[in-house]
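Reading the structure
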Amino acid sequence: MVGWAGVLGGYREISFYRAEYLPEPPMSLTVDAREQELAAEYFRSERQVRDRAREVRLPLAVANLLLSGLLVFAASRSFAGRSSARSLALQALGANGLLAVVDYALSRGMRGELVPVVARFMQASMKSTPGLPEHEMNQLFFSAIWAGFRLQLALLLVIYGLAWWALSTAQARAFFDAEPRDEDG
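All values derive from a computational prediction rather than experimental measurement.

1. Some thoughts on the packing of helix H4 (residues 85-106) against helix H6 (residues 134-168)
Where H4 contacts H6, the axes come no closer than 10 Å and their chain directions differ by 165°. By the angle between their axes, H4 is roughly antiparallel relative to H6. Considering how the two elements wind past one another, H4 and H6 form a crossing that is left-handed. Contact with H4, carried on its side by Arg86, Ala89, Leu90, Leu93, Gly94, Asn96, Gly97, Ala100, Val101 and Tyr104, involves Phe149, Arg150, Leu153, Leu156, Leu157, Tyr160, Ala163, Trp164, Leu167 and Ser168 of H6 and no other residues of that element.

Okay, here's the thing in structure tokens:
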């Protein structure tokens, strides 16, 4: 599932950078005009941030698409008990984990630009503040958004680590070292 999510994410980001035109969010009669304008401003601001990060993000998106595809391929071979599938899966997990860390490190500038955009949208879309001064609310939003970025990386690395561990158990080794199975199905 993580591999397919990476394939989709990589494809979506590559499509963003290859698109000649990106449509504005559609207007809706059931949503307040102020909220629709806030959403449109958010999408414009986010696009500008992502456009400025193109030189870094596009190669990372291609790498994500390819390595996530490798992870899907390796997982499919592993589930089928194919020969050398365990080794390929371990390599794919390691490569995807390394890419996640490299992506996080190289995309720090983009995330730094995105945080105020997201915080401004979150604060503007709130109906009322829960009794905190604006600068404190803004600080809470900044902290929460950065924590979300870190949590996303940590969860991804935990998933890769758990999969690595599962493939390293004695049971997994025994499964893959068992008599060769028919490769043709």
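2. Some thoughts on helix H5 (residues 108-125)
Over its 18 residues, H5 extends 25 Å from the first C-alpha to the last, a length consistent with the 26 Å expected when each residue adds 1.5 Å. Along its length, H5 reaches its greatest deviation from straightness, about 25°, at leucine 114, and the proline proline 116 lies no more than four positions downstream. Within H5, the full set of buried residues consists of Met110, Arg111, Leu114, Val115, Val117, Val118, Ala119 and Gln123. Check the buried side of H5 and you find it contacts helix H2 (33-52), helix H3 (54-79), H4 and H6.

3. As for a nonpolar patch on the surface
Taken together, the side chains of Val56, Leu98, Val102 and Leu106 make up a nonpolar region of the molecular surface, amounting to roughly 330 Å² of accessible area. Looking at the nonpolar patch element by element, the count peaks at three residues for H4. Within the fold, leucine 98 resides in helix H4.

4. Notes on the packing of aromatic side chains
The description of an aromatic ring pair rests on the distance of the ring centres and on the angle between the ring planes. With the rule as written, the count across this model stands at five aromatic pairs. Centre to centre, the rings of phenylalanine 175 and phenylalanine 176 are 5.0 Å apart; their planes meet at 80°, and the pair counts as edge-to-face. The exposure class assigned to phenylalanine 176 is buried, which follows from its relative accessible area of 16%. Put simply, the rings of Tyr42, Phe43 and Phe121 pair up and form one aromatic cluster. The ring centre of tyrosine 104 lies 3.7 Å from the NZ or CZ of arginine 111, which sits over that ring. Lying over the aromatic face of phenylalanine 149, arginine 111 brings its terminal NZ or CZ to 5.8 Å of the ring centre.

5. As for the nonpolar core
The nonpolar side chains of a soluble globular protein tend to be buried, and buried together. Counting 19 residues, the largest nonpolar core has Val49, Met110, Val115, Ile145 and Phe149 as the members making the most contacts within it. With residues up to four places along the chain from it excluded, the contact list for valine 49 reads Met110, Glu113, Leu114 and Val117. If you look at the next biggest cluster of nonpolar residues, it comprises ten residues, including Leu71, Ala89, Leu90 and Phe176.

6. A few points about the packing of H3 against H4
Between H3 and H4, whose axes approach to 9 Å, the crossing angle comes to 160°. Judged by the angle between their axes, H3 and H4 are roughly antiparallel. Relative to H4, H3 is oriented so that their crossing is left-handed. For the contact of H3 with H4, a count of residues per class yields 17 nonpolar, four polar and four charged.

Conventions and cut-offs
Residues numbered from 1 in each chain as written. Predicted model: local features only at pLDDT ≥ 70, side-chain atom pairs only at ≥ 80, totals over all residues. Heavy atoms only, no water. Axes fitted to C-alpha atoms, helices over the stretch in contact; angles between N-to-C directions. Helix = DSSP H or I, 4+ residues; strand = E, 2+ residues; numbered from the N terminus. Parallel < 35°, antiparallel > 145°, perpendicular 65-115°, else oblique. Left-handed = near helix turned anticlockwise from the far one by under 90°. Contact = heavy atoms within 4.5 Å. Expected span 1.5 Å × (residues − 1). Bend = angle between axes of the 7 residues up to and from the residue. Buried < 20%, exposed > 50% of the residue type's maximum accessible area, 1.4 Å probe, protein only. Patch = residues over 30% accessible without salt bridge, like charges linked within 9 Å, V, L, I, M, F, W, Y side chains within 5 Å. Areas by Shrake-Rupley, 256 points an atom, 1.4 Å probe, with all protein chains shown as cover. Salt bridge = Lys/Arg side-chain N within 4 Å of Asp/Glu carboxyl O. Phe/Tyr/Trp six-rings, centres within 6.5 Å; stacked < 30°, edge-to-face > 60°. Lys NZ or Arg CZ within 6 Å of the ring centre and 35° of its normal. Core = buried A, V, L, I, M, F, W, Y, C linked by side-chain atoms within 4.5 Å. Nonpolar A, V, L, I, M, F, W, Y, C, P; charged D, E, K, R; others polar.

Read these as geometric descriptors, not functional statements.
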